[in-house]
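# Tertiary structure, described
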Protein chains: 2
Amino acid sequence: MNDYQIFELGDFTLQHGATLRGAKLAYQTYGTLAADRGNAVVYPTWYSGRHWDNEWLIGPGMALDPERYFIIVPNMLGNGLSSSPSNTPPPYDRARFPRVTVYDNVAAQHRLVTERFGIERLRLVTGWSMGAGQTYQWAVSHPDMVERIAPFCGSSRTSPHNKVFLEGVKAAITADAAFAGGWYREQPTTGLRAAARVYAGWGFSQAFYWDHLYRSLGYSSLEDFLVGFWEGFFLDGRDANNLLTMLWTWQNADVGLTPGFDGDTVAALRSIRARALVMPAEKDLYFPPEDEEWAVRHIPDAELRVIPGVWGHFAGHGSNPDDTRFIDAALRELLAA
Amino acid sequence: MNDYQIFELGDFTLQHGATLRGAKLAYQTYGTLAADRGNAVVYPTWYSGRHWDNEWLIGPGMALDPERYFIIVPNMLGNGLSSSPSNTPPPYDRARFPRVTVYDNVAAQHRLVTERFGIERLRLVTGWSMGAGQTYQWAVSHPDMVERIAPFCGSSRTSPHNKVFLEGVKAAITADAAFAGGWYREQPTTGLRAAARVYAGWGFSQAFYWDHLYRSLGYSSLEDFLVGFWEGFFLDGRDANNLLTMLWTWQNADVGLTPGFDGDTVAALRSIRARALVMPAEKDLYFPPEDEEWAVRHIPDAELRVIPGVWGHFAGHGSNPDDTRFIDAALRELLAA
């Protein structure tokens with residue numbers, strides 16, 4: 001987990017005007033960059049995920065085979081490894097960490113890809129959830145650079161309902177007086193545990209719970225799943241301000257806010273030149289397939305392929321072998337095209 | 001709103017063992033009881049609802065026509081009008097209010113119906129959400145008394161996912177230090193507002209928000225809907241302990257826990273003699289239609305009729321004229337059968 005690199009962004013000016021001085025982008029790579037620099041894949045992280053949380057989709061014999069591709073996993077700003085409230089020195093530390101957009105994340109990643117590695121073309125950008133949002137943003141920010149995109153369980157613009165779901169998570173964290181407006185000395189664990197319980201109903205589908213599939217993950221009861229998986233998840237090195245920074249990024253995600261599109265999401269989607277394979281999960285409660293149907297209608301070369309089954313959003317988390325096989329097979333097909 | 005009656009339950013022993021001394025059941029009636037006592041309908045309240053919140057489905061020319069039927073709306077225990085944490089004197093007051101089951105609610109209502117009114121048969125029991133749960137319970141507790149049931153947007157047994165959704169609501173209320181284990185002097189409004197924001201994503205469907213249908217309710221923006229409707233809802237005379245009492249009732253609802261069924265929900269459903277018209281809403285996120293399909297398979301004389309559209313759970317709240325017409329027409333048909 002400590003095996004990763006830092007790309008120094010220097011003075012990094014964000015879309016909303018703040019400048020993060022000495023900004024850092026943490027990343028990890030898998031495989032070897034070809035001499036012609038033509039085998040690169042970018043695979044950004046998800047909400048609170050770290051690069052190692054993406055590794056389930058990378059491996060010998062898989063679509064993302066490090067013996068074939070050079071896979072770059074950049075950590076999202078705010079995730080605790082790249083510049084974040086928890087690791088930024090004053091005055092932009094903690095509650096004062098600035099607002100970061102998906103556009104900013106991709107701008108930072110673009111500098112890494114071009115300045116450090118001299119890469120001019122990307123074979124593929126792919127990602128889960130907020131990683132899918134960054135995937136769309138790559139295709140809009142750099143249409144001539146990205147050959148293929150495979151966003152799964154995510155969207156190009158955060159829907160109103162998705163924003164509301166996130167309001168519940170935010171309200172749970174900040175309802176804890178220990179949060180203290182973000183100036184806590186110790187994590188507001190009551191709020192983090194509450195946020196975990198709020199999140200639990202959204203992460204997996206109604207049918208997942210009806211079928212007691214949490215047992216397949218090694219949890220002995222519903223309450224054991226809520227404590228062992230969900231509270232454990234939110235307490236595992238997570239920082240409340242980091243979570244709120246990424247939550248703001250998520251709530252305000254919209255490729256239409258890319259400079260030049262003036263808020264027109266459809267125009268931004270139409271500008272995509274990459275071949276797109278868009279994979280929502282059948283029972284995802286906050287990125288429902290209908291929203292991606294809408295996006296696909298506006299992308300010139302796009303296919304919608306719904307991940308079947310009852311795992312909901314967590315179809316893209318790497319916990320269910322069937323879903324992993326489905327996504328891997330789709331990526332293989334897309335990379336061969 | 002102050003126009004209602006109280007039925008004195010006296011020393012009322014609950015299913016889990018506590019005795020509420022001087023227990024009270026608040027209720028309102030609409031219409032006139034026929035001389036043969038053959039025109040009675042029971043229409044219980046929903047989670048935090050009061051009798052007046054049911055009045056949208058009662059009126060001249062509607063199925064529940066007070067010129068034709070005698071409609072009794074009993075307030076659920078814990079709702080602030082019937083015995084509740086907020087109105088019970090010590091020692092069973094506030095955080096010490098005992099656990100109440102759906103079975104207990106129906107037992108209290110049965111006493112009202114038989115002892116005060118001498119009613120032996122009910123033409124119909126109907127209700128929304130937790131009112132639907134009480135409707136199922138009536139048919140299981142008193143199979144020879146209930147001729148018809150029409151539960152809408154509710155269930156006979158709270159599903160695991162529904163329990164998880166409620167954990168999020170509970171965690172949000174109790175994350176507020178002002179809650180003080182239930183011994184607050186003033187309402188923990190930070191927690192109540194957080195619970196409102198958690199609830200907001202569940203009450204209406206993704207498509208409702210995508211289509212900005214909150215505007216049809218008079219709200220000018222998404223945030224206006226969250227504050228004006230949802231926070232307003234949770235602050236409108238609601239009490240945190242009351243909400244948690246009803247939440248426990250909801251999480252633990254299961255007709256299989258009726259004495260004599262030993263936890264066997266299917267056996268309890270099979271015992272129903274009433275004709276059942278079961279109406280889940282197409283996009284209800286916590287009482288999805290699949291769960292009611294399952295219930296209907298086990299009730300001898302039951303029909304599933306899905307309320308179409310995008311209003312989700314709140315299809316049964318009386319806010320959308322199309323849904324109101326659908327439910328009213330179904331009740332008319334059922335009452336004529």
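Being a predicted model, the structure only gives us computed values, none of them experimental.

### Digging into the domain arrangement of chain A
Residues and elements named next belong to chain A. Per the domain assignment, the segments of chain A are domain 1 (5-158 + 255-336) and domain 2 (162-246). Placing the centre of domain 1 and that of domain 2 at their C-alpha centroids yields a distance of 23 Å. The largest share of the area that domain 1 buries against domain 2 comes from Tyr-47, Arg-94 and Tyr-286, three residues that together contribute 26% of it. At the junction of domain 1 and domain 2, the tally comes to one salt bridge. For Asp-236, the salt bridge is made with Arg-50, and the minimal N-O distance between the two is 3.3 Å.

### Overview of the UniProt feature "domain: AB hydrolase-1" (unreviewed entry) in chain A
In this numbering, the UniProt entry assigns the feature "domain: AB hydrolase-1" (unreviewed entry) to residues 63-314 of chain A. Helix makes up 41% of residues 63-314 of chain A and strand 9%, with an end-to-end C-alpha separation of 20 Å.

### Here we look at the interface of chain A and chain B
Counting residues at the interface gives 34 residues for chain A and 34 residues for chain B. Of the roughly 2800 Å² buried where chain A meets chain B, counting both sides, 77% is carbon and sulfur surface. Of all residues in chain A, Val-164, Gln-206 and Trp-210 of chain A bury the most surface against chain B, accounting for 24% of the area lost on that side. Summed over the shared surface of chain A and chain B, the number is three salt bridges. Between Glu-290 of chain A and Lys-283 of chain B there is a salt bridge, and its shortest N-O distance comes to 4.0 Å. The tally of links from chain A across to chain B stands at six residue pairs in polar contact (both at pLDDT 80 or more). Ranked by the residues each element gives to the side of chain A that touches chain B, the list is headed by helix α3 (residues 160-174) of chain A, at eight residues. Here the residues of the side of chain A that touches chain B are counted per class, giving 18 nonpolar, eight polar and eight charged.

Conventions and cut-offs
Residues numbered from 1 in each chain as written. Chains lettered and ligands numbered in written order. Predicted model: local features only at pLDDT ≥ 70, side-chain atom pairs only at ≥ 80, totals over all residues. Heavy atoms only, no water. Domains from an automatic or database assignment. Buried area = accessible area lost by both parts, 1.4 Å probe. Salt bridge = Lys/Arg side-chain N within 4 Å of Asp/Glu carboxyl O. UniProt positions renumbered as here; feature names shortened; annotations may be inferred. Helix = DSSP H or I, 4+ residues; strand = E, 2+ residues; numbered from the N terminus. Contact = heavy atoms within 4.5 Å. Polar contact = N/O pair within 3.5 Å; in protein donor to acceptor, adjacent residues only side chain to side chain. Nonpolar A, V, L, I, M, F, W, Y, C, P; charged D, E, K, R; others polar.

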